[in-house]
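Structural overview
Single-letter residue listing:
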Amino acid sequence: ENKQKRREEWAKLLKGKDLEQNIKTVKSALTALFFGAELSKPYFISKEVKKTITTAQLITLLEDEKFKYLVDEVVSLFNQLVKIHFKVRDDSKKKVVENDISIKKEFSRKEKKRAIAFIYQGIEVQILLALYKKYNHSIVLLIHDAIMSTDKLDPQELSETALEASGYNVSYEESKLV
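Now for a look at the structure at hand. What you see is a predicted model; the values in this text were computed from it and never measured.

Now for helix 5 (residues 65-85). Taking 1.5 Å of rise per residue, the 21 residues of helix 5 would be expected to cover 30 Å, and the 30 Å separating its terminal C-alpha atoms lies within 8% of that figure. Within the span of helix 5, buried status applies to Phe 67, Val 71, Val 74, Phe 78, Leu 81, Val 82 and His 85. For helix 5, the angular spread of the buried residues around the axis is 95 degrees, confining them to a single face. Turned more than 90 degrees from where helix 5 packs its buried face, Glu 65, Tyr 69, Lys 83 and Ile 84 sit exposed. Of the residues flanking the start of helix 5, the one acting as N-cap is Asp 64, its side-chain oxygen 3.1 Å from the backbone nitrogen of Lys 66.

This is the structure in structure tokens:
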């Protein structure tokens with residue numbers, strides 16, 4: 001499903017401000033979610049998250065079945081990534097995190113969100129390298145969330161390549177640069 005369309009649907013649920021501002025609010029909340037913000041308990045959100053969304057707005061979004069499902073899925077993914085990638089060294093209060101391209105880095109317990117970003121970056125690189133290997137004849141630019149190509153590429157085929165390389169389902173959409 002188109003992520004922009006989904007954000008717009010959720011933004012329409014929010015009262016007050018104009019639609020564009022509500023879309024930005026939803027996008028900011030989702031970004032915070034993907035980096036470990038606790039959104040499933042709206043009365044206990046952090047000061048940082050309150051800068052992007054109000055408690056009332058979050059309650060409204062959580063009443064939407066699809067938004068609640070996404071929150072639950074991301075929390076589950078976050079917990080799985082922590083379980084898989086975080087290894088405590090005996091001689092340190094820091095944890096050694098190894099991402100999917102075998103780069104290791106130390107993080108303190110308070111840096112869990114930064115560590116998750118590091119893990120996401122490893123997954124993104126793994127996917128981009130697989131896509132480049134398969135389509136190097138036409139890819140002109142790789143960005144963490146986009147591919148620019150001189151040829152028309154099949155989004156479904158890109159998704160299959162990403163899944164084979166990383167084990168993660170990634171959806172691609174085609175759009176033309178203007």
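At a minimum axis separation of 9 Å, helix 2 (residues 19-34) and helix 5 run at an interaxial angle of 25 degrees. Taken as axis vectors, helix 2 and helix 5 run roughly parallel relative to one another. Crossing hand, helix 2 versus helix 5: right-handed. Two secondary-structure elements touch here, helix 2 through Leu 30, Leu 33 and Phe 34 and helix 5 through Phe 67, Leu 70, Val 71 and Val 74.

Let us now look at unusual backbone geometry. Phi angles above zero are rare outside glycine, and Ser 102 is one such case at about 65 degrees. With respect to the helices and strands, Ser 102 occurs in the loop between strand 2 (95-98) and strand 3 (104-107).

What follows concerns the packing of helix 4 (residues 55-62) against helix 5. Put simply, helix 4 and helix 5 touch, their axes get as near as 6 Å, and they point 100 degrees apart. Relative to helix 5, the element helix 4 lies roughly perpendicular. Between helix 4 and helix 5, the contacting residues are Leu 58, Leu 61 and Leu 62 on the first element and Phe 67, Lys 68 and Val 71 on the second. Across the contact of helix 4 with helix 5, the residue classes break down as five nonpolar, no polar and one charged.

Conventions and cut-offs
Residues numbered from 1 in each chain as written. Predicted model: local features only at pLDDT ≥ 70, side-chain atom pairs only at ≥ 80, totals over all residues. Heavy atoms only, no water. Helix = DSSP H or I, 4+ residues; strand = E, 2+ residues; numbered from the N terminus. Expected span 1.5 Å × (residues − 1). Buried < 20%, exposed > 50% of the residue type's maximum accessible area, 1.4 Å probe, protein only. Arc of directions from axis to C-beta. Polar contact = N/O pair within 3.5 Å; in protein donor to acceptor, adjacent residues only side chain to side chain. Axes fitted to C-alpha atoms, helices over the stretch in contact; angles between N-to-C directions. Parallel < 35°, antiparallel > 145°, perpendicular 65-115°, else oblique. Left-handed = near helix turned anticlockwise from the far one by under 90°. Contact = heavy atoms within 4.5 Å. Nonpolar A, V, L, I, M, F, W, Y, C, P; charged D, E, K, R; others polar.

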